[in-house]
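Read off the chains here:
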Amino acid sequence: MAETVLSFVLRQLSTLLRDEGRLLGGLQQEVQFIMDELGHMRAFLREAEAKEEDAQPRLQEWIKQVREAAYDTEDILDEFVARFAQHCATGFYGSVRRIFSPIKNLRARHRVASEIQSIKSRIKSISEGHQRYQSEYGISAQASSSLPAVNNTTWRYSRDDALLVEEAKLVGLGKTTLVKRVHEDPEVRRHFPVRAWVTVSQTCDFQDLLKDLIRQLHKEGKKPVPQSIESLNITELKEFVKDFLQQAARYAIVFDDVWDMEFWNTIKFALPESSHGNRVMLTTRKADVAFASCIESRGLVYRMEPLSIEDSWTLFCNKIFNGDNCPGHLMDVAKGVLDKCEGLPLAILAISGLLASKDVNRIEEWEMVRCSLRGELEGTGKLDRVKKILSLSYSDLPWHLKTCLLYTSIYPEDYEIKCYRLINLWIAERFVEWREGMSIEDVAWGYLSELINRSLIQVTRVCYEGMLGTCRIHDLLREVIVLKSREQNIVTFTTGQPTMWPSEKVRRFVVHSSSSNNSQHHQQRHNDCFDHLRSFITVGSTNPLISKPFLSDVLRSSKLLKVLDLAGQENQEEIPNEVFKMFHLKHLNLYGTRVERVPKAIGKLQHLEYLNLGNTGVRELPMEILKLQKLRFLRVYQPVDPSDCDYGGHGFKAPSNMGGLLALEILNRIDASSGSTIIKEIGKLSQLREFSITKLRREDGKELCSSLANLTSLQRLTVESIGKGVDHEIIDLNHHHPSLSSSSCSFLQSLRMLILCGRLEKMPQWVARLHGLVRIDLNWSRLRGKEDPLESLQHLPNLGEINFCGSYQGEGLCFKAGGFLKLKRLHIKRMEGLRWMRVEEGALPRLQKLFLQQLPLLEELPIGIQHLIELQQLNLYEVSSQLREKLLENQKEEGEDYTRIAHIPEILIGYYTNDRKWRRRSLWDEKKKTYNLS
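Analysis parameters
Residues numbered from 1 in each chain as written. Predicted model: local features only at pLDDT ≥ 70, side-chain atom pairs only at ≥ 80, totals over all residues. Heavy atoms only, no water. Helix = DSSP H or I, 4+ residues; strand = E, 2+ residues; numbered from the N terminus. Contact = heavy atoms within 4.5 Å. Areas by Shrake-Rupley, 256 points an atom, 1.4 Å probe, with all protein chains shown as cover. Patch = residues over 30% accessible without salt bridge, like charges linked within 9 Å, V, L, I, M, F, W, Y side chains within 5 Å. Salt bridge = Lys/Arg side-chain N within 4 Å of Asp/Glu carboxyl O. Lys, Arg positive; Asp, Glu negative; His and termini not counted. Charge placed at Lys NZ, Arg CZ, Asp CG, Glu CD. Buried < 20%, exposed > 50% of the residue type's maximum accessible area, 1.4 Å probe, protein only. Pairing = 2+ DSSP bridges. Core = buried A, V, L, I, M, F, W, Y, C linked by side-chain atoms within 4.5 Å. Expected span 1.5 Å × (residues − 1). Arc of directions from axis to C-beta. Polar contact = N/O pair within 3.5 Å; in protein donor to acceptor, adjacent residues only side chain to side chain. Axes fitted to C-alpha atoms, helices over the stretch in contact; angles between N-to-C directions. Parallel < 35°, antiparallel > 145°, perpendicular 65-115°, else oblique. Left-handed = near helix turned anticlockwise from the far one by under 90°. Nonpolar A, V, L, I, M, F, W, Y, C, P; charged D, E, K, R; others polar. Phe/Tyr/Trp six-rings, centres within 6.5 Å; stacked < 30°, edge-to-face > 60°.

With that settled, consider the overall build of the chain. Within the chain, the secondary structure is distributed over 28 helices and 27 strands. Residue pairs at least 24 apart in sequence account for 64% of intrachain contacts in the chain once pairs closer than 6 positions are excluded. Counting every atom, the chain has about 42,100 Å² of accessible surface; 47% of that belongs to carbon and sulfur.

And the structure:
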């Protein structure tokens with residue numbers, strides 16, 4: 001983390017010297033000196049941090065000094081900019097223009113000079129330690145793209161232990177053990193007379209690896225190992241391996257613990273192209289490596305799933321009780337400890353290894369393990385093993401991903417993290433680096449995907465076509481992350497309003513929800529712990545977490561604050577006045593609060609990039625919002641009906657020249673009831689990636705089509721007309737704008753999600769050319785029978801999800817053969833006149849989920865439903881009582897309906913009883929005892 005802080009500070013210093021160097025006067029040389037010295041230490045610091053856990057206290061203290069010096073340097077720069085900024089200037093460091101020309105505040109300038117001199121002295125002292133430790137610890141000053149961050153010997157011992165565990169006691173232990181068991185199977189040995197097992201690991205020497213492979217192959221083939229291999233280079237060694245395998249009998253080679261795709265891209269050239277029944281297997285914890293290795297060979301990827309509850313328990317008991325049963329008096333505490341492992345085999349082994357040393361007759365010793373699991377991880381107990389194992393994946397990360405992973409410590413244990421909120425916080429915290437040709441948001445999503453591929457973050461919900469919804473951190477990994485975060489003073493936590501103030505500088509302050517009463521007496525702050533605060537975040541329930549006096553007290557002293565996230569705090573009724581004095585504020589999230597008004601002072605926040613007023617009472621933004629030229633994200637809306645999202649949302653009335661906010665990428669949602677002027681302005685926002693507009697008038701449809709043609713990066717579009725449900729005004733988007741008539745139109749190519757909420761006389765013709773579209777929602781379209789919505793959608797090549805709500809007034813829908821080839825999810829709702837559905841053979845071949853809801857006249861299952869062989873879930877909610885009774889009555893197994901749906905694993909039927917109580921029943925659960933359909 002210190003290296004990451006250093007890298008960021010160096011970028012800030014470089015920008016300051018380049019753009020505003022002449023304004024620094026005599027301070028320019030001092031700043032240049034600090035920059036040079038920190039630059040010299042950065043590469044050394046990478047390796048020093050990698051050894052920090054095992055280092056002596058003196059090196060640990062030195063790393064801490066560097067970290068704090070970098071933080072303080074950043075503080076001075078930000079204070080410098082904030083103190084002398086001119087609101088008329090542009091750009092981050094452009095804001096200090098004409099600061100010292102003329103100098104109006106000599107006292108303030110003297111203070112800045114004094115602080116920089118102080119930092120310079122500290123840097124000199126730290127630099128002396130750098131040179132001393134470099135020779136003392138043998139750490140190179142050369143930068144490295146991939147550095148081992150834990151003791152590699154320790155890790156190798158851990159892997160060897162996994163191979164030596166008695167096979168009879170293994171229960172699906174892990175990747176290496178599973179493959180080892182197959183590799184050593186007598187039948188496999190007979191079928192593959194030439195075999196080799198190569199442990200790749202994180203820091204292997206490729207030349208030595210090839211020599212090891214050659215030795216094993218010759219040994220298995222009972223041939224002497226040529227001495228000549230010692231003098232061969234890598235290219236010659238690969239040719240040697242390839243020639244040997246081409247002449248050998250059937251072979252099976254395992255490359256165990258592969259860490260990156262580069263290894264596979266190199267080793268594959270040492271393997272013959274023709275397989276002839278031979279086998280090469282890789283074990284890896286990275287999904288991208290697994291799939292990359294299978295591209296050319298049509299190989300298979302086997303994903304290791306967590307152990308089941310039963311297998312976890314078996315492994316647990318094997319380790320502690322030698323296969324015997326757990327004593328009854330320990331059953332509850334044992335299950336409590338095992339729950340923390342969540343099926344991770346190595347975690348189960350580590351914890352059970354700790355418990356095996358406890359007296360089984362003393363339950364209090366077991367209870368201490370369960371209650372003080374965090375303490376064990378912090379100390380030097382046997383759970384240090386799990387800490388090192390879990391730390392290995394963390395330590396392999398590049399520096400920017402380490403920071404992003406550590407940041408997840410802001411969330412409580414077992415918290416379901418909203419991915420979108422997380423990546424926007426990363427961006428605000430400046431963890432995400434801009435890349436040429438990519439939006440900053442796309443880069444952040446890439447970071448998250450990489451952490452998921454490395455199995456460090458678990459996905460818990462996926463939205464349309466793989467779009468990540470929510471995620472979480474495994475409890476044990478979170479313990480490791482929290483420890484590292486605390487050590488490096490990244491985040492300070494409290495549950496509810498604190499009764500005691502922190503004793504050290506706080507950089508990021510996070511308030512977690514608590515079930516306890518948070519109305520403690522507010523005490524006056526007596527120290528400066530929040531003077532360096534960069535982020536203030538609340539996480540958890542909508543119950544009041546913080547009092548107004550407490551928040552005001554914190555914000556009053558937090559002049560350097562960049563992130564303020566109060567999402568979900570229903571007691572927050574206004575934007576605190578202190579906010580508008582925060583020159584550096586970049587991220588303001590007030591989602592779900594009771595804020596109803598945005599003051600004109602919002603214009604002071606010229607560095608604001610993210611403003612979320614979703615689900616608040618705000619209905620209008622002042623003209624001053626146009627001063628926020630860096631604003632990238634603007635979300636202001638409230639649901640029309642909080643209990644039913646089908647009716648869309650209220651938007652906000654924007655200034656007439658809204659098109660001046662050229663940096664906008666997310667705009668949700670504009671109230672268009674004022675007329676065509678605001679719609680014309682939308683066409684100027686060429687960076688928009690997501691756009692929502694509400695209360696669109698029929699006569700403004702043509703103007704909207706003209707503006708949409710200019711939005712060449714748009715991926716998500718929501719258009720809502722005036723009204724609610726059946727009272728919606730007609731949306732008229734069926735206009736022949738020249739750009740929308742061309743198949744090369746960028747808007748038509750980029751759009752991935754389209755939501756139309758309002759009446760349609762006919763489907764817009766350009767919808768049939770949205771070849772990148774993966775999801776479409778049609779709400780209250782009320783299309784007539786002759787305007788079948790399926791006609792223009794059935795051949796869209798990437799369409800994966802359809803949601804129809806009140807979109808069609810015809811009696812039936814027919815899905816024709818060859819249509820909707822990639823559709824996976826279909827939701828049909830609130831079509832009061834729909835009586836039948838037909839699925840022709842060859843239609844919807846990939847459909848996995850089918851929801852039929854509030855269809856009172858649908859009396860039969862869809863004709864041809866038996867053709868949907870990939871269907872995993874069928875939901876029938878509030879369909880006709882005739883259809884429901886047909887399915888729930890005690891009919892024979894060989895009945896026609898059951899024959900057609902017997903292949904569907906999950907069928908749910910939901911309905912209201914006569915007394916308006918909701919019932920939800922699983923068809924197979926109801927029938928399996930009678931018909932044995934489970």
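Once you've had a look at it, read on.
Together, Arg 759, Lys 762, Arg 784 and Lys 786 line one region of the surface with positive charge. Summarising the element assignment, Arg 784 is placed in the loop between strand S19 (775-779) and strand S20 (801-805). Given the relative accessible area of 53%, Arg 784 is considered exposed.

Our focus in this paragraph is the sheet that holds strand S6 (residues 468-472). Strand order across the open sheet formed by 3 strands is S4-S6-S5, with antiparallel pairing between neighbours. Sheet topology places strand S4 (417-418) and strand S5 (458-462) at the edges, where each strand pairs with a single neighbour. Two strands pair when backbone bridges link them, and S5 and S6 are joined in this way by 4 bridges, in the antiparallel orientation. Counterpart to Val 459 in the pairing with S6 is Cys 471.

By secondary structure assignment, the location of Lys 120 is in helix H4 (residues 106-136). Apart from the residues lying within four places of it in its own chain, the contact partners of Lys 120 are Glu 30, Phe 33 and Ile 34.

This part covers the environment of Thr 403. As for its placement among the helices and strands, Thr 403 is situated in helix H18 (residues 399-407). Each C-alpha atom, one on Thr 403 and one on Ile 490, is 9.2 Å from the other, the two residues being 87 residues apart in sequence.

What follows deals with the nonpolar core. A general trend in soluble globular proteins is that nonpolar side chains are found buried together. Phe 536, Leu 667 and Phe 815 are the most contacted members of the largest nonpolar core, which totals 118 residues. Here this core gets 4 residues from one element, more than from any other, and that element is helix H22 (residues 548-556). Tyr 420, Ile 440, Leu 477 and Phe 633 belong to the second largest nonpolar core, which has 46 residues in total.

Over its 14 residues, helix H9 (residues 234-247) extends 20 Å from the first C-alpha to the last, a length consistent with the 20 Å expected when each residue adds 1.5 Å. Of the positions making up H9, those classed as buried are Leu 237, Lys 238, Val 241, Phe 244 and Leu 245. The buried residues of H9 occupy an angular sector of 130 degrees when projected down its axis, which confines them to one face. Facing away from the buried side of H9 by over 90 degrees, the exposed positions are Thr 235, Gln 246 and Gln 247. Where H9 is buried, its residues contact strand S1 (194-199), helix H8 (206-220), strand S2 (251-256) and helix H10 (261-267). Capping the start of H9, Asn 233 holds a side-chain oxygen 3.2 Å from the backbone nitrogen of Thr 235, two or three residues further along.

Remark: helix H13 (residues 331-339) packs on helix H15 (residues 363-371), axes separated minimally by 9 Å, with the N-to-C direction vectors making an angle of 20 degrees. When the interaxial angle is binned, H13 and H15 end up roughly parallel. Considering how the two elements wind past one another, H13 and H15 form a crossing that is left-handed. For the pair formed by H13 and H15, the contact residues are Asp 332, Val 333, Ala 334, Gly 336 and Val 337 on the first element and Ile 363, Trp 366, Glu 367 and Arg 370 on the second. Here the residues of the contact of H13 with H15 sort into 5 nonpolar, 1 polar and 3 charged.

On to the pairing of strand S15 (residues 666-671). With 6 of 6 residues buried, S15 is to be regarded as a mostly interior element. Relative to S15, strand S13 (residues 633-639) is paired through 3 bridges, and the arrangement is parallel. Along S15, the bridge assignment pairs Arg 635 with Asn 668. In terms of strand pairing, S15 meets strand S16 (residues 690-696) through 4 bridges, oriented parallel. When the bridges of S16 are listed, Ile 666 appears paired with Glu 690.

Here the focus is the packing of aromatic side chains. Per the counting criterion, the structure on display carries 16 aromatic pairs. Geometrically, the ring pair formed by Phe 255 and Phe 263 is edge-to-face, given 5.5 Å between the ring centres and 70 degrees between the ring planes. Accessibility expressed as a relative area gives 0% for Phe 255, which makes it buried. Arranged with centres 5.0 Å apart and planes meeting at 85 degrees, the rings of Phe 509 and Phe 530 form a pair that is edge-to-face. Placement of the pair is Phe 509 in strand S8 (residues 508-512) and Phe 530 in the loop between S8 and strand S9 (535-539), with a sequence separation of 21 residues. Feature note: the residues Tyr 420, Trp 445, Tyr 610 and Phe 633 constitute an aromatic cluster, connected by ring pairs.

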